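Residue strings, one per chain:
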Amino acid sequence: MALRARALYDFRSENPGEISLREHEVLSLCSEQDIEGWLEGVNSRGDRGLFPASYVQVIRAPAADPPPPARYANVPVGGFEPLPPPAAFKPAAQQPPPEPFPAPPAGYPFPPYGGSYQPSQGSDDDWDDDWDDSSTVADEPGALGSSYPDYEATGGAPGRYRLSTRSEPSLGSRGGGHPPGHPHPPGGGGAAKSSATVSRNLNRFSTFVKSGGEAFVLGEASGFVKDGDKLCVVLGPRGPEWQENPYPFQCSIEDPTKQTKFKGMKSYIAYKLVPSHTGQQVHRRYKHFDWLYGRLAEKFPVISVPHLPEKQATGRFEEDFISKRRKGLAWWMDHMCSHPVLAQCDAFQHFLTCPSTDEKAWKQGKRKAEKDEMVGANFFLTISVPTGPGASLDLQEVESQVDGFKAFTKKMDESALQLNHTANEFARKQVTGFKKEYQKVGHSFKCLSQAFELDQQAFSAGLNQAIAFTAEAYDAIGDLFADQPRQDLDPVMDLLAIYQGHLANFPDIIHVQKGALTKVKESKRHVEEGKMELQKAEGIQERCNIISFATLAEINHFHKIRVRDFKSQMQHFLQQQILFFQKVTQKLEEALHKYDSV
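None of the values given here were measured: they were computed from a predicted structure.

### Concerning the overall build of the protein
Then step 1. When helices and strands are tallied, the protein shows twelve helices and 13 strands.
Then step 2. Per-residue burial for the protein yields a buried fraction of 45% across its 598 residues.
Then step 3. For the protein, restricting intrachain contacts to residue pairs at least 6 apart in sequence, the fraction spanning at least 24 positions comes to 73%.
Then step 4. Put simply, the protein shows about 30000 Å² of open surface, and 53% of that area lies on carbon and sulfur atoms.

Below, the structure is given as structure tokens:
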């Protein structure tokens, strides 16, 4: 007896992996077991995929062909409570399924919200040593579903608080049985108001979805937040700001040295880090920086994690490249230590303080960071925002501020690219063209002095020497021009590089905030049309406020460090320019004085 079902309503597929249904159409089922309110089967047109279980009625009829095997037949029934459903039935961009079918429900061995950052693995720093063993989070015992805390085991732990944005079953929840983002079957009558829901984004690979922002705004986040995980936003003179780090510190990066392993078969560069709050030096390779960046970029979707200097496949041990990378890493470290949230992150502190020789402690801290539960939608649970009178945000004003910042970053990015190109071209001219031209002038003066020396008159000897000294002065000035970009233009370009990374981050940050605002507008429209309860819409707006507070706090922090950095760097640039031209002037004055005795 083949399993079949009859469609009770029309259903139009909107996402990959779904199939459309026509009323009264008979379908072949792969399994009678539904997966979070979805069934898998084949429609009368031969299309195979998922469709809402509530849209069909299962029937049994004899058939010659056996039913196709169910793709998700091994998913346990009732084994997912009380965990919330994932943000979508779509796979992460980094882990696409063999065929374009939606991902299984929460608890199945895939990340619940979006894909994780994969560190680059070029030839610059391979991951082939015992610093990082072959095990991953999924390999650890009990790792399946590890994105959620153990409710019973940790429920009474001190300093931990269960936070949830879930209130009541909605479409797509375990109690509703209807697919998220699709309408309730027709004929609901008076139940329309209580069953309405805000639709999900059709693009399941957008930053808003992958970051967990959509799941959080729609009320699907639930987890335990420890006191140490709380990220506080406060109201400052410029608006929302991240609460300052009560114990600020800096960290120097010094003495890059070439080291070897495997009896000299593999070489790498190690950098000495000295955090000011510990005073204990540790050594880290570039791959350690790369791993840390990946964890932070995945954990903090509304924070601009500074970019690392780019990798390089060849010339990694050349002095100029090592020096340039160290300067780039120094800027990166400065921005990390200056950020109130990033500086206090457990993964960053582990990176700074774990002894270089304690391999076991490093691996334990590394795995702990990789099993962090406060990622995806749960990350937003850790954000604490101001409450009380005067602490609410006007969403229209927030939208205006974010739009203004978006225009600002676009213009700044264009200007930074132009300045970087101009500075690079000018530096090239100084190193090659200017040096060559000044030394050509010096050579010409030298030829003149050599010609004058053919005159054996004693009274012309002083003139010949003065002209020869002038030639040497111009030759030295050429060397000054060639060396000068290291003193003034290169630091400017290093600064532009770190800010171009920030500017590349903000479109995604803004996208998360814009996505939250869109859900608020949609919920308000549902309330006006009488399709949604006011309480549910207020919950969506409250969660949107949290994202807005965090976004504005990050914008304010960006402006704060931007003013600090560019003020300092422009002062340094002009000071170096003044010193440079003073050196040039000194050379010319020395040459001039040689003619006084002629």
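### A few points about the environment of Y438
Then step 1. Residue placement: Y438 occurs in helix α9 (residues 395-452).
Then step 2. Put simply, Y438 and D475 are 37 residues apart on the chain and 6.3 Å apart in space, counted from C-alpha to C-alpha.
Then step 3. Excluding residues that lie within four positions of it along the chain, Y438 makes contacts with Y474, I477, G478 and F481.

### Section: the sheet that holds strand β8 (residues 231-236)
Two orientations exist for strands paired in a sheet by backbone hydrogen bonds: parallel and antiparallel.
Then step 1. Judged by pairing direction, the sheet is mixed, and its three strands sit side by side in the order β9-β8-β13 without closing on themselves. The sheet is open, and its two borders are formed by β9 (239-242) and β13 (383-384), each paired with just one other strand.
Then step 2. Note: β8 against β9, four bridges, orientation antiparallel. By the bridge assignment for β9, V233 is matched with W242.
Then step 3. Each of β8, β9 and β13 touches helix α12 (residues 534-593); the most contacted strand, β9, lies at about 80° to it.

### Digging into the environment of A482
Then step 1. Within the fold, A482 resides in helix α10 (residues 461-483).
Then step 2. Expressed as a C-alpha distance, the spacing of A482 and K435, which sit 47 residues apart in the sequence, is 5.8 Å.
Then step 3. Filtering out sequence-adjacent residues up to four positions away, A482 remains in contact with Q430, V431 and K435.

### Observations regarding the layout of surface pockets
Then step 1. Size it by volume and the second largest pocket reaches roughly 1200 Å³.
Then step 2. Around the second largest pocket, the lining is made up of 33 residues, and of these P309, K324, M493, D494 and A497 lie nearest the centre.
Then step 3. Contributions of two or more residues to the lining of the second largest pocket are made by α5 (286-299), α6 (319-338), α9 and α11 (489-528).
Then step 4. Here the element with the most residues in the lining of the second largest pocket is α6; it accounts for eight residues.
Then step 5. Taken domain by domain, the makeup of the lining of the second largest pocket includes at least three residues from each of domain 2 (241-384) and domain 3 (395-594).

### As for unusual backbone geometry
Among all residues except glycine, the phi angle is most often negative; among peptide bonds, the trans geometry is most common.
Then step 1. Backbone geometry at H24 places phi at a positive 75°, although glycine is not the residue there.
Then step 2. Looking at where H24 falls in the secondary structure, it is placed in the loop between β1 (2-7) and β2 (26-29).
Then step 3. The backbone phi angle of D255 is positive, close to 45°, even though this residue is not glycine.
Then step 4. In this structure, D255 sits in strand β10 (residues 251-261).

### Examining the sheet that holds strand β12 (residues 282-285)
Then step 1. In spatial order, the strands read β10-β11-β12; together these three strands make up an open sheet with antiparallel pairing. At either end of the open sheet lies a strand with only one pairing partner, and these are β10 and β12. For this sheet, the mean inter-axis angle between neighbouring strands, taken without regard to orientation, is 35°.
Then step 2. Where β10 meets strand β11 (residues 266-275), nine bridges bridge the pair, whose relative direction is antiparallel. From the neighbouring strand, I253 faces β11, where its bridge partner is L273.
Then step 3. Against the sheet, α5 engages β10, β11 and β12, with an angle of about 80° to β12.

### A word on the nonpolar core
Then step 1. Among the nonpolar cores identified, the biggest contains 84 residues, and F216, L273, F289, F300, M333, F348 and F351 are the most heavily contacted of them.
Then step 2. For this core, the element with the most residues is α12, which contributes twelve residues.
Then step 3. In this structure, this core is formed jointly by two domains, domain 2 (241-384) and domain 3 (395-594), each of which donates at least three residues.
Then step 4. Apart from residues lying up to four places away in sequence, F289 is in contact with I253, L273, R284, L308, L329, W332, M333 and F351.
Then step 5. Membership of the second largest hydrophobic core comes to twelve residues, among which are A7, F11, L29 and Y55.

### Some remarks on the side chain of H526
Then step 1. You can see H526 is positioned in helix α11.
Then step 2. Contacts of H526, omitting those with residues within four sequence positions, involve T197, V198, K531 and M532.

### Some words on α10
Then step 1. Helix length check: α10 (23 residues) gives 34 Å between terminal C-alpha atoms against 33 Å at 1.5 Å per residue, within 8%.
Then step 2. Listed in full, the buried residues belonging to α10 are N464, A466, I467, T470, A471, A473, I477, G478, F481 and A482.
Then step 3. On its buried side, α10 packs onto α9 and α12.

### Quick look at the packing of α6 against α11
Then step 1. Here α6 crosses α11 at 50°, and the two axes come no closer than 10 Å. The orientation of α6 with respect to α11, classified from their angle, is oblique. By crossing handedness, the relation of α6 to α11 is classed as right-handed. Of α11, the residues touching α6 (which contributes K324, K327, W331, W332 and H335) are P491, D494, L495, I498, Y499 and H502.
Then step 2. Here the residues of the contact of α6 with α11 are counted per class, giving six nonpolar, two polar and three charged.

### Examining the side chain of H502
Then step 1. Mapped onto the elements, H502 comes out in helix α11.
Then step 2. The buried category is assigned to H502, whose relative accessible area is 4%.
Then step 3. In this structure H502 touches S304, P306, H335 and F558, once residues within four positions along its chain are discounted.

### Observations regarding the pairing of β2
Then step 1. By the alternation rule, side chains of β2 split into L27 and L29, which are all buried, and V26 and S28, of which none is buried.
Then step 2. With two bridges connecting them, β2 and strand β3 (residues 38-42) associate as antiparallel partners. Counterpart to L29 in the pairing with β3 is G41.

### Thoughts on the pairing of β8
Then step 1. Where β8 lies against β13, two bridges are found, and the strand directions are parallel. Counted as the bridge partner of L231 is I383 from β13.
Then step 2. Hairpin connection of β8 to β9: two residues between the antiparallel strands.

### Remarks on the confidence of the model for the protein
Then step 1. Averaged over all residues, the pLDDT of the protein is 79; the fraction at 70 or higher stands at 75%.
Then step 2. Mean pLDDT across the elements of the protein bottoms out in helix α1 (residues 151-154) (36) and peaks in α12 (95).
Then step 3. pLDDT under 50 marks residues 67-158. Its contacts with residues more than four places away, or in other chains, come to 202 contacts.

About the cut-offs
Residues numbered from 1 in each chain as written. Predicted model: local features only at pLDDT ≥ 70, side-chain atom pairs only at ≥ 80, totals over all residues. Heavy atoms only, no water. Helix = DSSP H or I, 4+ residues; strand = E, 2+ residues; numbered from the N terminus. Buried < 20%, exposed > 50% of the residue type's maximum accessible area, 1.4 Å probe, protein only. Contact = heavy atoms within 4.5 Å. Areas by Shrake-Rupley, 256 points an atom, 1.4 Å probe, with all protein chains shown as cover. Pairing = 2+ DSSP bridges. Axes fitted to C-alpha atoms, helices over the stretch in contact; angles between N-to-C directions. 1 Å grid on protein atoms, 1.4 Å probe; cavity = no way out; pocket = protein on both sides within 12 Å on 5 of 7 lines; lining within 4 Å. Points joined across faces, edges and corners; volume = space filled by probe spheres on them. Domains from an automatic or database assignment. Core = buried A, V, L, I, M, F, W, Y, C linked by side-chain atoms within 4.5 Å. Expected span 1.5 Å × (residues − 1). Parallel < 35°, antiparallel > 145°, perpendicular 65-115°, else oblique. Left-handed = near helix turned anticlockwise from the far one by under 90°. Nonpolar A, V, L, I, M, F, W, Y, C, P; charged D, E, K, R; others polar. pLDDT = per-residue confidence, 0-100.

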